[in-house]
Every structure is written in structure tokens, then in C-alpha cells.
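# Observations on the three-dimensional arrangement
Listed below are the residues making up each chain.
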Amino acid sequence: VLYDKQREFVSAVFDARDTAGLRPYRRGVFSVPKKLGKTTLEAASGLKMLMFDEFAKSREVYSIAHDLDQARLAFTPAVKMIRRSPRLTQLVRRGRLKMFKDVIEYEWGDESGIFRCLASDSRGLHGISPSCLLVDETWTMQDYDLLEACSLPPTRRCPLELHFTYA
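The text that follows walks through the structure, step by step, so that each part is easy to find. As the structure is a prediction and not an experimental result, all values here were calculated from the model. For every chain, the first residue of the written sequence is number 1, and numbering continues from 1 onward in sequence order. Local features in this predicted model are restricted to residues of pLDDT 70 or higher, and side-chain atom pairs are both shown and tallied only at a pLDDT of 80 or more, whereas totals for entire chains, interfaces and linings draw on every residue. As a rule here, side-chain values come from all non-hydrogen atoms in the structure, and water together with hydrogens is ignored.

## A short note on the layout of surface pockets
Every definition here rests on a 1 Å grid over the protein atoms only: cavities are sets of points where a 1.4 Å probe fits but cannot get out, pockets are open sets enclosed by protein on both sides within 12 Å along at least five of seven lines, and lining residues have some atom within 4 Å of a point. Grid points are joined across faces, edges and corners, and a volume is the space filled by probe spheres set on the points. Of the volumes computed, that of the largest pocket is approximately 310 Å³. In terms of lining residues, the largest pocket is bounded by 13 residues, among which Lys34, Lys35, Lys38, Thr39 and Tyr166 are the most central. Elements with a minimum of two residues in the lining of the largest pocket: α2 (38-52), α3 (68-84) and β7 (160-166). Elements are defined by DSSP. Helices are runs of H or I of four residues or more, strands are runs of E of two residues or more, and each kind is numbered from the N terminus. Per element, the largest residue contribution to the lining of the largest pocket is three residues, and it comes from α2. Among the residues forming the lining of the largest pocket, the class breakdown is four nonpolar, four polar and five charged. What the second largest pocket holds in volume is close to 240 Å³. Considering the residues around the second largest pocket, the lining is formed by 13 residues, among which Val1, Leu2, Gln6, Thr40 and Ala44 are closest to the centre. Every element with two or more residues in the lining of the second largest pocket is listed here: α1 (4-15) and α2. Tallying contributions element by element places α2 first for the lining of the second largest pocket, with five residues. Each residue is assigned to one class: nonpolar for Ala, Val, Leu, Ile, Met, Phe, Trp, Tyr, Cys and Pro, charged for Asp, Glu, Lys and Arg, and polar for all the others, Gly among them. Its residues placed into classes, the lining of the second largest pocket shows eight nonpolar, four polar and one charged.

Structure (C-alpha cells):
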């Protein structure tokens with residue numbers, strides 16, 4: 001169940017389409033005070049983009065933050081959502097979803113993807129090709145090197161960069 005502000009954000013980011021049927025936005029910012037569902041919405045957005053992004057068959061979802069512990073704040077609830085969902089647990093049992101410390105892997109027919117945590121201290125990020133970038137508390141980053149390294153590629157159709165931060 002989503003709060004009104006979460007529902008508005010989800011509708012604008014995931015449901016809106018332009019005249020060509022594409023997402024009209026590449027970036028979204030969900031900015032509300034503490035304890036109003038930022039982290040939960042971030043985790044759910046990551047899972048949606050991992051398993052149900054209609055614009056990509058090979059999906060790369062990254063949760064990024066200034067340090068790995070902060071990046072895990074969005075990733076950990078996603079793992080809990082999988083474990084608490086009977087349907088998603090079935091995908092784990094069948095090997096369609098695999099969970100590791102900082103990575104969730106998904107495979108179903110010709111669709112596949114990863115949901116991974118990354119931080120400023122991660123090396124070699126310039127080669128990634130995110131279909132979705134989840135940015136947690138952008139204001140805490142010392143510089144924009146991580147955002148630059150993880151920037152949305154021009155080769156992806158309708159990639160998303162979603163920022164979740166305090167108001």
C-alpha cells in the first residue's frame with residue numbers, strides 16, 4: 001500500500017508515456033521528510049525495474065550512495081520483500097531469483113538482470129550500463145564522480161535515474 005506522495009511519484013515515473021509510448025522522463029526525485037517511505041519505495045522501485053521493466057530485457061539496476069552501507073539501506077529491504085513474498089520466494093526456489101550479499105540476480109526466459117549495491121569507493125564503474133540507477137541521499141556524496149561513472153547510457157531505451165532524499 002502506497003502513501004499518496006509515493007503513488008504520485010510511481011504514477012509519474014513508471015506509468016506516464018509520451019505520444020511514442022516511451023517514458024517521458026529519465027530522472028525522478030522523491031524528496032520527503034524522514035520516515036515517509038523513501039527507502040521502501042526505493043527498494044520496491046529497484047525490484048520493479050529488475051523484473052518488470054518493459055523497455056529492457058537485460059536489466060542492470062544499481063543502488064548507489066556515498067558508501068556501501070548507505071547503498072545497502074535500499075538494497076536490504078528489497079531482499080526482505082523477496083523473502084516475505086510467497087510468489088517471489090517461489091522464484092528463488094526455482095532459481096529464477098538469486099540473492100547474494102550485495103547482488104540480486106534475475107533470469108526468466110530471455111530476460112535477465114542484476115540489482116547491485118555500489119559506492120564511491122567502488123572501482124571500475126565506467127563500464128556499467130544501468131537500466132535503472134537508484135541514488136540514495138545524493139547530498140551526502142563528496143563529489144559527483146560516482147554519478148558520472150554510473151550515468152545513464154545513450155544505448156539504453158528509457159533508462160531511469162531515481163533520487164531518493166530528504167526534503
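Structure's up, so let's keep going.
## Regarding the pairing of strand β1 (residues 27-32)
Walk down a regular strand and you will see the side chains alternate between the two sheet faces. Only one face of β1 is buried: it carries Gly28, Phe30 and Val32, and the other face, with Arg27, Val29 and Ser31, is open. DSSP-based pairing: two strands are paired if at least 2 bridges between them are found. Where β1 and β7 come together, six bridges link them in parallel fashion. Counterpart to Val32 in the pairing with β7 is Tyr166. Burial classes: relative accessible area under 20% of the type maximum marks a residue as buried, over 50% as exposed, and values in between as partly exposed (1.4 Å probe, protein chains only).

## Observations concerning the side chain of Asp136
Examined against the element boundaries, Asp136 turns out to sit in strand β6 (residues 132-136). The side chain of Asp136 is buried and forms no salt bridge, while Lys38, the nearest opposite charge, is found at 7.6 Å. Within the local environment of Asp136, its side chain forms a polar contact with the side chain of Gln70, the two groups lying 2.3 Å apart. Only four residue types enter the tally: Lys and Arg on the positive side, Asp and Glu on the negative side, with His and both chain ends excluded. Counted as salt bridges are all cases of a side-chain nitrogen of Lys or Arg within 4 Å of a carboxyl oxygen of Asp or Glu. Polar contacts here mean pairs of N or O atoms no more than 3.5 Å apart (in protein, one a potential hydrogen donor and the other a potential acceptor; neighbouring residues in sequence count only if both atoms are side-chain atoms).

## With respect to the sheet that holds β6
Overall, mixed pairing links the seven strands, which are arranged β1-β7-β6-β2-β5-β4-β3 in an open sheet. In the strand order of this sheet, the two ends are held by β1 and β3 (97-99), each with one partner. Between one strand and the next, the sheet's axes are offset by a mean angle of 15°, whatever the strand orientation. Contact definition: two residues touch when any of their heavy atoms are within 4.5 Å. Simply put, an axis is a line fit to the C-alpha atoms, just over the touching stretch for a helix, and the angle between two N-to-C directions goes from 0 to 180 degrees. Lying on the sheet, α3 is in contact with β2 (58-65), β3, β4 (103-108), β5 (111-119) and β6; it crosses β5 at an angle near 145°.

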